[in-house]
Amino acid sequence: MNFVRCSLSFLFAGISCAGIGQTADEAMKLHLSELAAASLSVERTNLIAAQDSLRPVYHVTASSRFINDPNGPVYFAGEYHIFFQHLPYWGDSSHNKPVWGHAASRDMVHWYHLPIALAPTPGTYDSEAIASGSCVIHKGVPTIIYTGANPQTQCLAMSYDSLRTWTKEPTNPVLSAPPLLEGLRDGFRDPFVWREGDQWRMLIGSAFQNKGGTVLLYESADLHQWEFLGPLCSGMGELCIQWECPAFFPLGDKHVLIVSPLYSNQPGLRGMVEYATGSYRNNRFTPGEWKPVDLGGPTVFYAPNSFMDPNGRRILWGWIMADRPPRAGWWGCLSIPRVVTPGDDGDMRYEPIPELKRLRYHEQVKRNLKLTPDREIVLQPDFGIHYEMLMEAETDGLSVIEIRIGRSADGLQFIRLAYDAGNGRFIFGDKEAEFRLKPEEKTLNVRLFVDGIVGEVYINGRACFSNVLPFSMNSTGISVLSKHGEAQINSLSLWKLNSIWEK
């Protein structure tokens, strides 16, 4: 999300930061009114969204309307929570100022929608947007730290009823302007907050003119008073005009920084979401090589967020840009929650949360399939569009192995999922990316999730590839074949997956 920094104008003598001419009580009433109107707008299209046959059933979505960045994942009092940027009037109005939608789960599998958490309050520091941010537990109180706009400032909201309702901090914004650094660009948004020792630390995305993106590091004891410690890390060159949605966490004996960069020469500005592992010392991060978080690229996957769950797992969500027209009643979803672990080479490893196996039913298993060149084997003529596939194939002598999903009965229509060993490419639908098996990898392991028009692939646990797929309810077959040589599939399992939504 792009903002333009404006001049600051927050305080009146004797009046809170609620807004010019507003008391705190008046601002609170305005906020409640905005929440009610946004909720009614979403409710009006819930039934339309629910009736769209191409809508995901096991990815987190809003109950209807538009969804984008995942925000503030947190665990509290026996519940997991995920918030998300949400446009409650999408499709009906140009009044598309972002709010924070909200979903919760007791087991990280089955979810339920909760009321919209935060909405812009007219005439105040966040009148243009409730932009991205974090949620932490401070002295037992769930606390959201978010960017308000416009201008971009950092703000707080607290919940005293198990994250059901939220009260904005009367003295907002708690950080009203970026530091005075030479060459710092306008961006000042998307706080990522974590506990380090007995202090809170916060990263805010920004950039330096002619140098590239940066993340600004702050420290606080109480989330209200923040001390600037300097830029944690900068880079990606003069064409990079912003690092959005940073995430920073320890992984093994290293740290990981994830950024969503904007580039002045990219269509729509967005670049590939990237991460680097490196060393974190003396309030500075020295990155290694930057690598993609998801091979789907900037038109599919963006703005990931993460947290440490009660079991010590690093869980990551991203935004998948599932494009649907307003008549469908919904747009976009979050990725499957991914467990991130360190690989022996220092890179991130990924797996879907194991709890998802509880959604499986109608198992189909094929073993020891010998594929001869260009001979297609139909595994399922009609398997629906909400399922999981797990395939293990031998790499010895492998040239090209292809899975066709969304296959029509006559075989003329299908969506490709293929590994081209000779060219080191992985193809998924209309996208392809560089991927090569390592010499020590004796099998190709592909774990595919198809959920309506949304697809996610995990490749040997070290790459994820998301895409939006042109599915039709009339073409839901699955087949496999090899090209330019034989292939051996040791096992291929299929499961249909139930919905995650509690009734």
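Treat the numbers as computed from the prediction; the structure is a model and nothing was measured.

Turning our eyes to something else, we now look at the sheet that holds strand β29 (residues 425-428). Within a beta sheet, neighbouring strands are joined by backbone hydrogen bonds and run either parallel or antiparallel to one another. The six strands lie next to each other as β25-β34-β27-β28-β29-β30, forming an open sheet whose pairing is antiparallel. Of all strands in the sheet, those bounded by a partner on one side alone are β25 (377-380) and β30 (431-434). Put simply, the sheet's adjacent strands are angled 20 degrees from each other on average, direction ignored. The sheet contact formed by β25 and strand β34 (residues 477-483) spans three bridges and is antiparallel.

Judged by nonpolar contacts, the single largest core of 116 residues is most densely connected at Trp111, Ile258, Met348, Ile401 and Ile405. The element contributing the most residues to this core is strand β13 (residues 240-251), with eight residues. Those residues within four positions of isoleucine 405 in sequence are excluded, and the remaining contacts are Tyr387, Phe414, Ile415, Phe428, Leu448, Val450, Leu469, Phe471 and Gly477. In this structure, Val136, Phe208, Tyr218 and Leu223 belong to the second largest nonpolar core, which totals 18 residues.

The next point concerns the pairing of strand β5 (residues 129-138). Most of β5 sits out of view: nine of its 10 residues are buried. Taking the residues that link successive antiparallel strands as the turn, the β5-strand β6 (residues 141-149) hairpin has two residues, and the phi of lysine 139 there is positive, at about 55 degrees.

Take arginine 324: it is sitting in the loop between β19 (314-320) and β20 (330-331). The class of arginine 324 is buried, set by a relative accessible area of 18%. Separated by 3.1 Å, the side chains of arginine 324 and aspartate 52 make a polar contact. Those residues in contact with arginine 324, other than ones at most four positions away along the chain, are Asp52, Leu54, Trp90, Trp330, Trp331 and Ile453.

For the structure on display, the rule yields 23 aromatic pairs. Ring geometry for phenylalanine 248 and tyrosine 280: centres 4.9 Å apart, planes at 90 degrees, overall edge-to-face. Taken together, the residues span a long stretch of sequence, with phenylalanine 248 in strand β13 and tyrosine 280 in strand β15 (residues 274-281) at a distance of 32 residues. In this pair, the class of phenylalanine 248 matches that of tyrosine 280, namely buried. The structure contains a cluster of three or more aromatic residues connected by ring pairs, namely Phe66, Trp90, Tyr302, Trp319 and Trp331. The ring of phenylalanine 208 has lysine 211 lying over it, and the distance from NZ or CZ to the ring centre is 5.9 Å. A cation over a ring is seen here: lysine 496 above phenylalanine 383, with NZ or CZ 5.3 Å from the ring centre.

Reading the values: rules and limits
Residues numbered from 1 in each chain as written. Predicted model: local features only at pLDDT ≥ 70, side-chain atom pairs only at ≥ 80, totals over all residues. Heavy atoms only, no water. Pairing = 2+ DSSP bridges. Helix = DSSP H or I, 4+ residues; strand = E, 2+ residues; numbered from the N terminus. Axes fitted to C-alpha atoms, helices over the stretch in contact; angles between N-to-C directions. Core = buried A, V, L, I, M, F, W, Y, C linked by side-chain atoms within 4.5 Å. Buried < 20%, exposed > 50% of the residue type's maximum accessible area, 1.4 Å probe, protein only. Contact = heavy atoms within 4.5 Å. Polar contact = N/O pair within 3.5 Å; in protein donor to acceptor, adjacent residues only side chain to side chain. Phe/Tyr/Trp six-rings, centres within 6.5 Å; stacked < 30°, edge-to-face > 60°. Lys NZ or Arg CZ within 6 Å of the ring centre and 35° of its normal.

These results come straight from atomic positions and should not be treated as a statement about function.
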